[in-house]
Each structure stands twice: as structure tokens, then as C-alpha cells.
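Chain residues, written in single-letter form:
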Amino acid sequence: MSGQQAENPEFAQLVQAVVLSMPAARHLGFSFRRVERGEVELVQPYRTELTEHNGNFQGGVIGSLADFAGGSAAGTLLPAGWVNMTVDYTVKLLAPARGEHLVARGRVLKPGKAITVAAADVFGVHHGSETLCATALVTMRNLDMRTA
């Protein structure tokens, strides 16, 4: 793997299929808005059971969305036959997460053969207006499933 050049021409379909096949992602109801090399936008719709008592999205939901967005961005750069998994992520909650949905914009900061570092910003979207509510740093371990 080198730079931000995807070695897998089907990266967009593969990343979406892998993420949306995960029980946690299905349970939360994620959907992809955009998938490009090194970047994704992942959407979390509002559901009452994902909120705190005041109607704001709960912090764990925000963290999960950020983790999946950063990991998905990293996954777009993997060669065919490779997968990645989170080894670490840190989330900073910056403002109440409220609105009709959240959107997380993940992007690769430093690709590598074994480890890829990504970031994700999470925005609450209310009547089309976005408010930055969290930012995250996500570290992914890249694994060649053909030799694992």
C-alpha cells in the first residue's frame, strides 16, 4: 500500500458491504452518503433509543459513528483481500449532538501497510444546518486475510 491510491478498484462497494454486514452497524442504522478514496461520509439517523434523557444523541453512539467513519475511510485504501480493525480511538465531544441525524466525515491522515491513522468529525444536522459535535482520531490495524 502506498499513499492514498486504492489498489482495489471495488473499494467503495466492499467497504459499504463489510460495514453494513456488521450487527452493530445494522442495529444503529448507519448509511453511507459518500465513499471516495481515503474519505467517507456516514449517516446516523435519529432514533429515540439512541439518545440521552434530553433528546441529544448519546456519547457512545457518537463514538461508534466516528469509529466506523474513520475505519471505513481507512478501508477504502486497502488492497483486495485485506480488512482492518480498530486498535484505538479517541473521541472528543465538543457540543450537544442533536438534530434529525448525525453525519460523520472520516478521512485518512496517514496510510500504512500495517497501521492506518484516520480522523472523523461528527456533525449534528438540524434543518440542514450542521454543528460540529465531536472529533475523533482512529487507529486501524490492516490485515491480509489471504494469509491470516
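Residues numbered from 1 in each chain as written. Predicted model: local features only at pLDDT ≥ 70, side-chain atom pairs only at ≥ 80, totals over all residues. Heavy atoms only, no water.

## Overview of the UniProt feature "domain: Thioesterase" (unreviewed entry) in the chain
Residues given the UniProt feature "domain: Thioesterase" (unreviewed entry) here are residues 55-123. Overall, residues 55-123 shows 25% helix and 45% strand. The separation of its end C-alpha atoms is 15 Å. (UniProt positions renumbered as here; feature names shortened; annotations may be inferred. Helix = DSSP H or I, 4+ residues; strand = E, 2+ residues; numbered from the N terminus.)

## Considerations on the pattern of salt bridges
Tallied over the full model, the rule gives 8 salt bridges. A salt bridge links Glu41 to Arg33; its shortest N-O distance comes to 3.6 Å. Within this structure, Arg33, Arg34, Glu39, Glu41, Arg105 and Glu130 form a network of salt bridges that share partners. (Salt bridge = Lys/Arg side-chain N within 4 Å of Asp/Glu carboxyl O.)

## Some remarks on the sheet that holds strand β6 (residues 129-144)
The 6 strands lie next to each other as β1-β2-β4-β5-β6-β3, forming an open sheet whose pairing is antiparallel. Edge positions in the open sheet fall to β1 (31-36) and β3 (82-93), since each of these has one partner strand only. Averaged over all pairs of adjacent strands, the angle between their axes in this sheet comes to 20°, without regard to strand direction. Looking at chain direction, β1 and strand β2 (residues 39-45) are connected through 5 bridges and run antiparallel. Bridge pairing in β2 links Glu36 to Glu39. (Pairing = 2+ DSSP bridges. Axes fitted to C-alpha atoms, helices over the stretch in contact; angles between N-to-C directions.)

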